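Structure at a glance
Chain by chain, the residues:
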Amino acid sequence: MNGRLANARLQFIDDELMRLPMVADQVFDATWRAMTDNVPGLDHHERGIVAELLQTGPAHRGRLVERFVDAVRRHVRAEAAGQAPAQAAPAAAPAIGLSLLDETEIAADVETSHAIEAIRSVAEHELRELSAYVSALAGDPDVSRDHNPFRAETYAQALWEAAQALPLGRAYQARLMRHAAQPLAQVLRKAYAGACARLESQGIEPATYRTLILPGGKRSARPSESWQG
């Protein structure tokens, strides 16, 4: 990657990282709304869990946002520098039996995987388009690999790190992941689309558009799709 392209990619990353606090605010606001709206359809046990989350979560909103933003920034900057991201120190685990602790950690892994799948499903088109734009910034016209550091895995892991800021047991933290997965996916769908719109407005041509091969061996650019609106 030449210096100009490297600088353009780093500028894009810095611009998106500046918007992270707003994205995190939207994620948790949408999560509280979704949980409140879903209460009538929950069974008695789940209602009790959601009631505890709604009582505790908003009161610690600032900490949740801070942990989420810090986790995404740490992962993205490490990848941009070609390094493995450092992991945040885990919150103190509740004093429970080893077997139960293992079960709750497994539940957290399951909910993280579900969050990844939710993002990939809801924002599939936007993720694919953003990957094409960032590949252009990386000087990879054939999109030989995914150069976009703002992946579903990054956000899902950040959500789990944020959930651990809640002063509740692991089971409650994992349940927050479950209820936040769809709101996170919907917010990221708009965030990815906005990033594509900004790159398009800067005159960036998505890499896959330049490599579309038509019958007869002709190369042609696909008409640019507008991300406005």
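No experiment lies behind these values; they were computed from the predicted model shown. Chains are numbered independently. Their residues run from 1 in the order of the written sequence. Only residues with pLDDT of at least 70 get local features here, since the model is predicted, and only at 80 or more are side-chain atom pairs given and counted; chain-wide, interface and lining totals rely on the full set of residues. Excluding hydrogens and water, the side-chain values take into account all heavy atoms of the structure.

1. Overview of the nonpolar core
General note: in soluble globular proteins, nonpolar side chains tend to be found buried as a group. Think of a nonpolar core as a cluster: buried Ala, Val, Leu, Ile, Met, Phe, Trp, Tyr and Cys residues, connected wherever their side-chain atoms sit within 4.5 Å. Each residue gets one of three labels from its accessible area relative to the maximum for its type: buried under 20%, exposed over 50%, partly exposed in between, using a 1.4 Å probe on protein chains only. In terms of nonpolar packing, the biggest core is built from 56 residues, with Phe 12, Phe 68, Ile 119, Tyr 155 and Tyr 192 touching the most fellow members. A run of H or I in DSSP counts as a helix once it spans at least four residues, and a run of E counts as a strand once it spans at least two, with each numbered from the N terminus. At the level of secondary structure, the elements contributing two or more residues to this core comprise helix H1 (3–18), helix H2 (20–38), helix H3 (44–56), helix H4 (61–80), helix H5 (98–122), helix H6 (124–137), helix H7 (152–163) and helix H8 (170–201). In terms of residue count, the dominant contributor to this core is H8 (12 residues). Residues are treated as being in contact if the distance between any of their heavy atoms lies within 4.5 Å. With residues up to four places along the chain from it excluded, the contact list for Phe 12 reads Leu 130, Val 134, Leu 137, Phe 150, Ala 195 and Leu 199.

2. Digging into H3
Given the number of residues in a helix, its expected span is that number minus one, multiplied by 1.5 Å. With 13 residues, H3 should reach 18 Å at 1.5 Å per residue; the first-to-last C-alpha distance of 19 Å fits that figure. Check the buried side of H3 and you find it contacts H2 and H8. Here a polar contact means two N or O atoms within 3.5 Å. Within protein one must be a hydrogen donor candidate and the other an acceptor candidate, and residues neighboring in sequence count only if both atoms are side-chain atoms. At the N-terminal boundary of H3, the capping side chain belongs to Asp 43, with an oxygen 3.2 Å from the backbone nitrogen of His 45.

3. Considering the side chain of Arg 9
One can find Arg 9 in helix H1. A distance of 2.7 Å separates a polar side-chain atom of Arg 9 from the backbone oxygen of His 147.

4. A word on the confidence of the model for the chain
The predicted coordinates ought not to be read in detail in places where the model reports low pLDDT. What pLDDT reports is the predictor's confidence in each residue, on a scale of 0 through 100. A residue-level look at the chain finds 79% of positions with pLDDT of 70 or above and a mean pLDDT of 83. Low pLDDT, under 50, characterises residues 88–98; the predicted model gives this stretch 12 contacts beyond four residues in sequence or across chains.

5. Some details on the pattern of salt bridges
Every case where a carboxyl oxygen of Asp or Glu lies within 4 Å of a side-chain nitrogen of Lys or Arg is listed as a salt bridge. Throughout the structure, instances matching the rule amount to 15 salt bridges. We note a salt bridge from Arg 120 to Glu 153, for which the minimum N-O separation is 2.1 Å. Taken together, the positions of Arg 120 in helix H5 and Glu 153 in helix H7 put the pair 33 residues apart, joining distant regions of the chain. Residue classification places Arg 120 among the partly exposed positions, given a relative accessible area of 37%. In this structure Glu 153 comes out as partly exposed when scored by relative accessible area, which is 33%.

6. A closer look at the packing of H3 against H8
Relative orientation of the contacting elements H3 and H8 amounts to 95 degrees, with a least axis distance of 10 Å. In this view, H3 runs roughly perpendicular relative to H8, as classed from their interaxial angle. Counted together, His 45, Glu 46, Ile 49, Val 50, Glu 52 and Leu 53 of H3 and Tyr 172, Arg 175, Leu 176 and His 179 of H8 form the full contact between these two elements. For the contact of H3 with H8, the per-class residue count stands at 5 nonpolar, 2 polar and 3 charged. Lines fitted to C-alpha atoms define the axes, with helix axes restricted to the stretch in contact, and inter-axis angles between N-to-C directions lie between 0 and 180 degrees. To sort the angles, those under 35 degrees are grouped as roughly parallel, those over 145 as roughly antiparallel, those from 65 to 115 as roughly perpendicular, and the leftovers as oblique. Gly falls in the polar group here, along with every residue not listed as nonpolar (Ala, Val, Leu, Ile, Met, Phe, Trp, Tyr, Cys, Pro) or charged (Asp, Glu, Lys, Arg).

7. Section: the packing of H7 against H8
Packing of H7 against H8 leaves a shortest axis separation of 9 Å and a crossing angle of 140 degrees. What the angle tells us is that H7 and H8 run oblique. The hand of the H7/H8 crossing is right-handed. Side by side, H7 and H8 meet where Ala 152, Tyr 155, Ala 156, Leu 159, Trp 160 and Ala 163 of the first sit next to Arg 170, Gln 173, Ala 174, Leu 176, Met 177, Ala 180, Leu 184, Leu 188 and Tyr 192 of the second. Take the far helix as your reference; a near helix turned counterclockwise from it by less than a right angle gives a left-handed crossing, and one turned clockwise gives a right-handed crossing.

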